[in-house]
Amino acid sequence: MQLTVYNPQKGRLETIDAEFTKDNTTWFGNCISTRDVSMITDIDGNILIREFDYSYPFMIYGMSRSDIDFDQRKAKQLRLRYE
């Protein structure tokens, strides 16, 4: 499916092809705040971080879920580095 994401490295929105499966995505069901990370997905050697709101997901290049130990807190810290 096509998905619009924010690319902080380029400072703009872009459209990517993404497929969310149990093999490439970790979902977090304990979200309360809109700033909580609700899912992380590996896409072509990059990581896609989606928050628990309607904002665009963030695409971080050169990172993967395993780089942050599939951890929701580490994903949030990584996401905040690119604000």
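Colleague: Summarise the nonpolar core; cite the residues concerned and give the values.
Modeller: With ten residues, the main nonpolar core is built from F28, V37, I40, I47, I49, F58, I60, I68, A75 and L78. Elements that contribute at least two residues to this core include exactly β4 (37–43), β5 (46–51), β6 (58–60) and α1 (72–80). Every residue in contact with A75, bar those within four places of it in the chain, is listed here: V37, I40, I49 and I68. Residues A18, I43, L48 and M59 belong to the second largest nonpolar core, which totals seven residues.

Colleague: Tell me about the pattern of salt bridges, residues and numbers included.
Modeller: Here the structure, examined in full by the defined rule, presents six salt bridges. Of the charged contacts in the structure, one is a salt bridge between K10 and E14, with a shortest N-O distance of 3.6 Å. A salt bridge links K74 to D69; the shortest N-O distance between them is 2.6 Å. According to the relative accessible area criterion, K74 is partly exposed, its value standing at 29%. Through salt bridges with shared partners, a single network forms among R35, E51 and R79.

Colleague: Describe the side chain of S64, listing the residues and the values that go with them.
Modeller: Note on placement: S64 falls in the loop between β6 and α1. A distance of 2.9 Å separates a polar atom in the side chain of S64 from a polar atom in the side chain of S66. Residues in contact with S64, not counting those within four places in the same chain, are D42 and I47.

Colleague: Explain the pairing of strand β1 (residues 2–7) residue by residue, including any values.
Modeller: Only one face of β1 is buried: it carries L3, V5 and N7, and the other face, with Q2, T4 and Y6, is open. Note: β1 against strand β2 (residues 12–17), six bridges, orientation antiparallel. Considered in β2, the bridge of T4 is made with T15.

Colleague: Describe the pairing of β5, and please don't skip the residues or the numbers.
Modeller: By the criterion of burial, β5 is predominantly enclosed, with five of the six residues buried. Judged from the six bridges that link them, β4 and β5 form a sheet pairing that is antiparallel. Bridge pairing in β5 links M39 to R50. A loop of two residues connects β4 with β5, the two strands running antiparallel in sequence, and D44 in this loop sits at a positive phi of about 50°. Of the strand pairs in this sheet, β5 and β6 are connected by three bridges, and their pairing is antiparallel. Its bridge partner lying in β6, I47 is registered against I60.

Calculation criteria
- Residues numbered from 1 in each chain as written.
- Predicted model: local features only at pLDDT ≥ 70, side-chain atom pairs only at ≥ 80, totals over all residues.
- Heavy atoms only, no water.
- Core = buried A, V, L, I, M, F, W, Y, C linked by side-chain atoms within 4.5 Å.
- Buried < 20%, exposed > 50% of the residue type's maximum accessible area, 1.4 Å probe, protein only.
- Helix = DSSP H or I, 4+ residues; strand = E, 2+ residues; numbered from the N terminus.
- Contact = heavy atoms within 4.5 Å.
- Salt bridge = Lys/Arg side-chain N within 4 Å of Asp/Glu carboxyl O.
- Polar contact = N/O pair within 3.5 Å; in protein donor to acceptor, adjacent residues only side chain to side chain.
- Pairing = 2+ DSSP bridges.

Any link to function would need more than the numbers given here.
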